Amino acid sequence: MAKNTLNFSSLGEEFFSPIETQPLSSPFLIHKNQTLYDQLNLSMSDADLLGVASGERQFQGTQPIASIYAGHQFGHFVSQLGDGRSCLIGQIQEYELSLKGAGSTPYSRGADGRAVLRSSIREYLCSIAMKGLNIATTEALILVGSETEVYRENIEPGAIVMRVASSHIRFGHFELFASRGQTKQIKQLADFVIEQYYPHCQGKNRYVDFLSEVVKRTAVMIAEWQAQGFSHGVMNTDNMSILGLTIDYGPFGFLETYNPKFICNHSDHEGRYAFEQQPGVALWNLSRLADSLGSLITDQQAKTVLDSYQTHLVEVYSKLMRKKFGLVEKDDQDNVLIGQFFEVLCKNKKDYSNSLRQLNDVDTLSKDSDFSDWLVLYGKRVAQEQSSNRVELMNSVNPKYILRNYLAEVAIRKAQDEKNYTEIDTLFNLLSQPFDEHPGLTTYTDEAPSWAQGLEVSCSS
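Residue positions are given per chain, counted from 1 along the sequence in the order it is written. Local features in this predicted model are restricted to residues of pLDDT 70 or higher, and side-chain atom pairs are both shown and tallied only at a pLDDT of 80 or more, whereas totals for entire chains, interfaces and linings draw on every residue. Only hydrogens and water are removed before side-chain values are computed, so all heavy atoms of the structure are retained for them.

1. Topic: the packing of helix 6 (residues 206–228) against helix 9 (residues 309–324)
(1) Moving on: One can describe the packing of helix 6 onto helix 9 by two numbers: an axis separation of 8 Å at closest approach and a directional angle of 35°. In this structure, helix 6 crosses over helix 9, and the sense of that crossing is right-handed. Across from V215, K216, A219, V220, I222, A223, E224, Q226, A227 and Q228 in helix 6, the residues of helix 9 making contact are Y309, H312, L313, V316, Y317, L320, M321 and K324.
(2) Moving on: Side-chain classes are defined by residue name, with Ala, Val, Leu, Ile, Met, Phe, Trp, Tyr, Cys and Pro counting as nonpolar, Asp, Glu, Lys and Arg as charged, and the others, Gly among them, as polar. Taken together, the residues that form the contact of helix 6 with helix 9 break down as 12 nonpolar, 3 polar and 3 charged. Note on method: axes are straight lines fitted to C-alpha atoms, helices fitted across the in-contact stretch only, with angles between N-to-C directions ranging 0 to 180 degrees. In DSSP terms, a helix is any run of H or I states spanning at least four residues, a strand is any run of E spanning at least two, and both are numbered starting from the N terminus. Each crossing gets its handedness from the near helix: less than a right angle anticlockwise from the far helix is left-handed, clockwise is right-handed. In this description, contact between two residues means that some pair of their heavy atoms is separated by no more than 4.5 Å.

2. Describing helix 15 (residues 405–418)
(1) Moving on: Given the number of residues in a helix, its expected span is that number minus one, multiplied by 1.5 Å. An ideal rise of 1.5 Å per residue puts 20 Å on 14 residues; helix 15 measures up with 19 Å between its terminal C-alpha atoms.
(2) Moving on: Of all the positions in helix 15, only Y406, L407, A408, E409, A411, I412 and A415 are classed as buried.
(3) Moving on: Considering only its buried residues, helix 15 is in contact with helix 3 (117–132) and helix 16 (422–432).
(4) Moving on: Of the residues one or two after helix 15, K419 is the one with positive phi, at around 55°. We call a residue buried when its accessible area falls under 20% of the maximum for its residue type, exposed when it is over 50%, and partly exposed in between, using a 1.4 Å probe and counting protein chains only.

3. Re the confidence of the model for the protein
(1) Moving on: Confidence per residue, as judged by the predictor, is encoded in pLDDT with a range of 0 to 100. Looking at the protein as a whole, the pLDDT averages 92, with 95% of positions reaching at least 70.
(2) Moving on: Across residues 104–111, confidence stays below pLDDT 50; counting only partners more than four residues off in sequence or on other chains, it has 21 contacts.

4. What about the pattern of salt bridges?
(1) Moving on: A pair is scored as a salt bridge if a Lys or Arg side-chain nitrogen falls within 4 Å of a carboxyl oxygen belonging to Asp or Glu. Under the definition given, this model contains 23 salt bridges.
(2) Moving on: Between R381 and D334 there is a salt bridge, with its nearest N and O atoms 2.7 Å apart. Here D334 lies in helix 10 (residues 334–348) and R381 lies in helix 13 (residues 372–383), a separation of 47 residues in the sequence.
(3) Moving on: We note a salt bridge from E437 to K400, for which the minimum N-O separation is 2.6 Å.

5. What to know about the packing of aromatic side chains
Any aromatic ring pair is given by two values, namely how distant the centres are and how the planes are angled relative to each other.
(1) Moving on: Between 30 and 60 degrees the pair is tilted, below 30 it is stacked and above 60 it is edge-to-face, where a pair is any two Phe, Tyr or Trp rings, Trp via its six-membered ring, whose centres lie within 6.5 Å. Under the definition given, this model contains 25 aromatic pairs.
(2) Moving on: Consider the rings of F325 and F342, whose centres lie 6.5 Å apart with planes at 75°: the pair is edge-to-face. With F325 in the loop between helix 9 and helix 10 and F342 in helix 10, the pair connects residues that are 17 residues apart, well separated along the chain. Both residues of the pair, F325 and F342, count as buried.
(3) Moving on: Linked through ring pairs, Y258, F325, F341, F342, Y352, F371, W374 and Y378 together constitute an aromatic cluster.
(4) Moving on: A positively charged side chain is recorded as over a ring if its NZ (Lys) or CZ (Arg) lies within 6 Å of the ring centre. The angle to the ring normal must also be within 35 degrees. Taking the ring centre of Y37 as reference, the NZ or CZ of K32 above it sits at 4.2 Å.
(5) Moving on: Cation over ring: R122 sits above F252, and NZ or CZ is 4.1 Å from the ring centre.

6. Points about the packing of helix 5 (residues 183–197) against helix 6
(1) Moving on: Interhelical geometry of helix 5 versus helix 6 gives an angle of 65° and a closest axis separation of 11 Å. Classified by the angle between their axes, helix 5 and helix 6 sit roughly perpendicular to one another. Regarding helix 5 and helix 6, the two cross each other, and that crossing is left-handed. Between helix 5 and helix 6, the residues in contact are K187, A190, D191, V193, I194 and Y197 and R206, Y207, F210 and R217, respectively.
(2) Moving on: Tallied by class, the residues present in the contact of helix 5 with helix 6 amount to 6 nonpolar, no polar and 4 charged. In this scheme, roughly parallel covers angles under 35 degrees and roughly antiparallel covers those over 145, while 65 to 115 is roughly perpendicular and the rest are oblique.

7. Concerning the environment of A415
(1) Moving on: Position of A415 relative to the elements: it lies in helix 15.
(2) Moving on: For the pair formed by A415 and Y207, sequence separation is 208 residues and the distance between their alpha carbons is 47 Å.

8. A look at the pairing of strand 8 (residues 139–151)
(1) Moving on: In terms of burial, strand 8 is largely enclosed, as 10 of its 13 residues are buried.
(2) Moving on: As judged from the 4 bridges shared by strand 2 (residues 28–32) and strand 8, these two strands associate in the antiparallel manner. Residue L29 lies in a different strand from strand 8, and its bridge partner there is V144.
(3) Moving on: For two strands to pair, DSSP has to find at least two bridges joining them. Here strand 8 folds back onto strand 9 (residues 155–165) in antiparallel fashion, the turn holding 3 residues.

9. A word on the state of the cysteines
(1) Moving on: When the sulfur atoms of two cysteines come within 2.5 Å, that pair is taken as a disulfide. Tallying each qualifying case throughout the model produces 0 disulfides.
(2) Moving on: Free of any disulfide, C126 has its nearest neighbouring cysteine sulfur in C264, separated by 9.7 Å.

10. Describing the pairing of strand 6 (residues 95–100)
(1) Moving on: The buried fraction of strand 6 amounts to 6 of the 6 residues, a majority that puts the element mostly inside the structure.
(2) Moving on: Residues Y95, L97 and L99 line one face of strand 6 and the alternating positions E96, S98 and K100 line the opposite face, and both faces are buried.
(3) Moving on: Pairing of strand 5 (residues 86–92) with strand 6, which is carried by 6 bridges, proceeds in the antiparallel orientation. In the sheet register, G90 faces strand 6, and the bridge partner there is L97.
(4) Moving on: As judged from the 5 bridges shared by strand 6 and strand 9, these two strands associate in the antiparallel manner. Residue pairing across strands places L97 opposite V164, the latter belonging to strand 9.

11. Side note on the side chain of T138
(1) Moving on: As for its position among the elements, T138 is in the loop between helix 3 and strand 8.
(2) Moving on: Any pair of N or O atoms that falls within 3.5 Å is considered a polar contact. Within protein, one atom must be able to donate a hydrogen and the other to accept it, and sequence-neighbouring residues count only if both atoms are side-chain atoms. At a separation of 3.0 Å, a polar atom in the side chain of T138 contacts the main-chain carbonyl oxygen of T246.
(3) Moving on: Non-local contacts of T138, meaning those with residues more than four positions away in its chain, are made with S127, V164, A165, L245, T246, I247 and Y249.

12. Looking at helix 2 (residues 46–53)
Residues lying three or four places apart along an α-helix face the same way, a consequence of the helix completing one turn every 3.6 residues.
(1) Moving on: If you check which residues of helix 2 are buried, you get L49, L50, G51, V52 and A53.
(2) Moving on: Summarising the contacts, the buried residues of helix 2 are in contact with strand 2, helix 1 (34–39), strand 5, strand 6, strand 8 and strand 9.

Next comes the structure, spelled out in structure tokens:
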């Protein structure tokens, strides 16, 4: 990643609108990502950091801005959007800082622009969970609570998450100008992204190479989602990062009981963004990006690049899954063996991550008769391997801990009802190192209790 020399604001006011953040009432710091704070080489006191994050003061005198973009939401094009709950407040090193929940923008379509504590806790925890799983992601620096009241389904406490990413540019930024026929702005934006984030794409076919890089990074990200059982829930084109980062944590969910048709978003009535649909949706979204670059590349060039998506996806996913099963050497029948394992999970409603983690101890897994036939096949396949570190390999990619919905809900209820934020800290530390054993915390691997079986999340979560 090249170090930025220009801010997004250098593009000019056709790309954004200056805004004034709306401070929260009686803000307080709930949690800080100390590792990220140190990485950014920040030297602010917690009080100063809180002041910036709560919208009370500007970051290093920088004018906050809200970018504008378009996007396909659940397959339908919306001609202009703006991040009504997010604004860029500045840049440090090569990272952009943004606030989610700091107030409305002119493009928020009547929304109040506020984030609630419930959704902010989920976003904050999922950011570190994805980082811990080694999946490309935007990150969260601090979580801020307040006495501000925000109305959703009910009155809820307002909150802010300070987010960090190399860039928050989305597919939808290109779609906005393409829909308006503003080819000059498309080129300007593409040149900016290439110069700042893809400096190696400077040759004769720079725009083709640029699209190729975005396709590859997106394919890698989706492969990692699928391998780790992550469901985004709202894969609109305006929620797709131009850098292949997981962005906009809303109604997400991790597979618990294995079900490839898992729909984590209660608002997704048609199942457009079901778990098994994500690879195809990502390609559809990439196609919309390619359409938006039509003034810079030919249709044939776009098709050639898009055709590479499946190859990248399968290559990364297959490699990850072989590691999950402790297989170093490639065998043509591995896909069949892995598929049969998932059939056992689906038929018997087994937990996805727990079952994969238990593969490191076949003796324990063999006590479950549902796996008996499959384990015979697996034993023969493992016998072909010469690797002496099979267990270490598997434990490095099969997390023991994931952000289960009920775990997040427990943290949310304690925060809202008791003003107790210790569970957030426990989960943050646990999820930042999800492959470790963490003695004394094994109850966090338990499947959802009965009271949590019906938990639902939606686009307002």
